[in-house]
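Here is what each chain is made of, one letter per residue.
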Amino acid sequence: MEKITSLSQLDTNGIYSYKDYLSWHIEQAIEIIKGKIFPMAAPNTKHQTISWQLTLIIGNIFRNNQCRAFAAPYDVRLFDKKKSGEANKEIYTVIQPDLCIICDLEKIDEKGCLGAPDLIIEILSPGNSSKEMKIKKNLYEENKVKEYWIVDPYHETVVLYYLQAGYTYSSPVIFSSDDIVSSPTFPELVIDLSKLFEQI
């Protein structure tokens, strides 16, 4: 069997599983969403500045918390809602959120997280806005991720969605650079955006 070392060896219209993903030796970071390949752009300075600041803030808040926080690269495997098996060949979604918080520690294994985190934060880059805003929002809602933040370093905003009683996402709650974000899921998670964005 041919060793896969480049995206050019793969059919971009093909359907791939987590088992396939594990067999590849591709240097470029990629995600698979419902079997489709999504190459990830290299993060730029603004993205990494925000990621580092959020990692410090969230790391301090959750240092002695029963929940655990992780920063990318960290694989999160999600199930197709039509499938119930846990075998690698039956998982068709593996993503690398910029940050995530997981409270059900049984979902954590040596490969990452198997199942939905409680909170996911994605930081926009010039090439990924459409993916984060549309495809991933629907994916996280379907998988019952309790809370989803989209951080936009270019417009200095945060868009927050949270699961409502009917298990659908709320309308977007939009915070600007002079606002304070308060998490509906984690009351201790409060971030002053003026301080978050001041270094970019």
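Calculation rules
- Residues numbered from 1 in each chain as written.
- Predicted model: local features only at pLDDT ≥ 70, side-chain atom pairs only at ≥ 80, totals over all residues.
- Heavy atoms only, no water.
- Helix = DSSP H or I, 4+ residues; strand = E, 2+ residues; numbered from the N terminus.
- Buried < 20%, exposed > 50% of the residue type's maximum accessible area, 1.4 Å probe, protein only.
- Disulfide = S-S within 2.5 Å.
- Pairing = 2+ DSSP bridges.
- Axes fitted to C-alpha atoms, helices over the stretch in contact; angles between N-to-C directions.
- Contact = heavy atoms within 4.5 Å.
- Salt bridge = Lys/Arg side-chain N within 4 Å of Asp/Glu carboxyl O.

Peer 1: When you look at unusual backbone geometry in this model, what are you seeing that I'm missing?
Peer 2: Excluding glycine, residues mostly have negative phi values, and the peptide bonds linking residues are mostly trans. The peptide bond linking Ala 72 to Pro 73 adopts the cis configuration, its omega dihedral lying at 0°. Looking at the secondary structure, you find Pro 73 in the loop between β3 (68-71) and β4 (76-78). Even without a glycine there, the phi angle at Lys 34 is positive, about 50°. Note on placement: Lys 34 falls in the loop between β1 (30-33) and β2 (36-39). Of note in the backbone geometry, Glu 156 takes a positive phi value of approximately 55° without being a glycine. Using a relative accessible area of 27% as the deciding quantity, one classes Glu 156 as partly exposed.

Peer 1: What is the right way to read the state of the cysteines from this model?
Peer 2: Here, disulfide denotes a covalent bond that connects the sulfur atoms of two cysteines. Under the definition given, this model contains one disulfide. Each sulfur of the disulfide joining Cys 67 and Cys 103 lies 2.1 Å from the other. Between Cys 67 and Cys 103 the disulfide shows an S-S torsion of about 100°. By sign, it is right-handed. Of this pair, Cys 67 sits in the loop between α2 (45-61) and β3 while Cys 103 is found in the loop between β6 (99-102) and β7 (108-109), placing the two residues 36 residues apart along the sequence. Lacking any disulfide linkage, Cys 100 is separated from the closest cysteine sulfur, that of Cys 113, by 6.2 Å. A relative accessible area of 2% means that Cys 100 is categorised as buried. By relative accessible area, which is 0% here, Cys 113 ends up buried.

Peer 1: Just checking my understanding: could you explain the sheet that holds β6 for this structure?
Peer 2: The strands making up a sheet are joined through hydrogen bonds of the backbone, oriented either antiparallel or parallel. Spatial ordering of the open sheet is given by β3-β6-β9-β10-β11-β12, a layout of six strands whose pairing is mixed. Only two strands of the sheet have a single neighbouring strand rather than two, namely β3 and β12 (173-175). Averaged over all pairs of adjacent strands, the angle between their axes in this sheet comes to 15°, without regard to strand direction. Judged from the three bridges that link them, strand β11 (residues 157-162) and β12 form a sheet pairing that is antiparallel. Each residue of the ladder has a partner; that of Val 159, found in β12, is Ile 174. Sheet strands in contact with α2 are β3, β6, β9 (119-123) and β10 (147-152), and its direction is about 155° off that of β9. Against the sheet, helix α3 (residues 129-142) makes contact with β9, β10 and β11, and its axis sits at roughly 165° relative to β10, the strand it touches most.

Peer 1: Would you explain the environment of Lys 195 in this entry?
Peer 2: Position of Lys 195 among the secondary structure elements: in helix α4 (residues 193-197). Between the alpha carbons of Lys 195 and Gln 53 there is a distance of 9.3 Å; along the sequence they are 142 residues apart.

Peer 1: Can you walk me through the pattern of salt bridges in this structure?
Peer 2: Once their charged atoms are close, side chains differing in charge can pair, the charge on each being opposite to the other. Applying the stated rule across the entire model yields seven salt bridges. Two residues, Glu 142 and Lys 34, come together in a salt bridge whose shortest N-O distance is 2.8 Å. With Glu 142 in helix α3 and Lys 34 in the loop between β1 and β2, this pair connects stretches of sequence that are 108 residues apart. On the accessibility criterion, Lys 34 (42% relative accessible area) is partly exposed. The closest approach of N and O atoms between Glu 122 and Lys 136, which form a salt bridge, is 3.0 Å. In this pair, Glu 122 sits in strand β9 while Lys 136 sits in helix α3, placing the two residues 14 residues apart along the sequence. For the pair Glu 122 and Lys 136, a shared accessibility class is recorded, and that class is buried. Three or more residues joined by partner-sharing salt bridges are found here, namely Glu 31, Glu 122 and Lys 136.

Shape descriptors only; they carry no functional weight alone.
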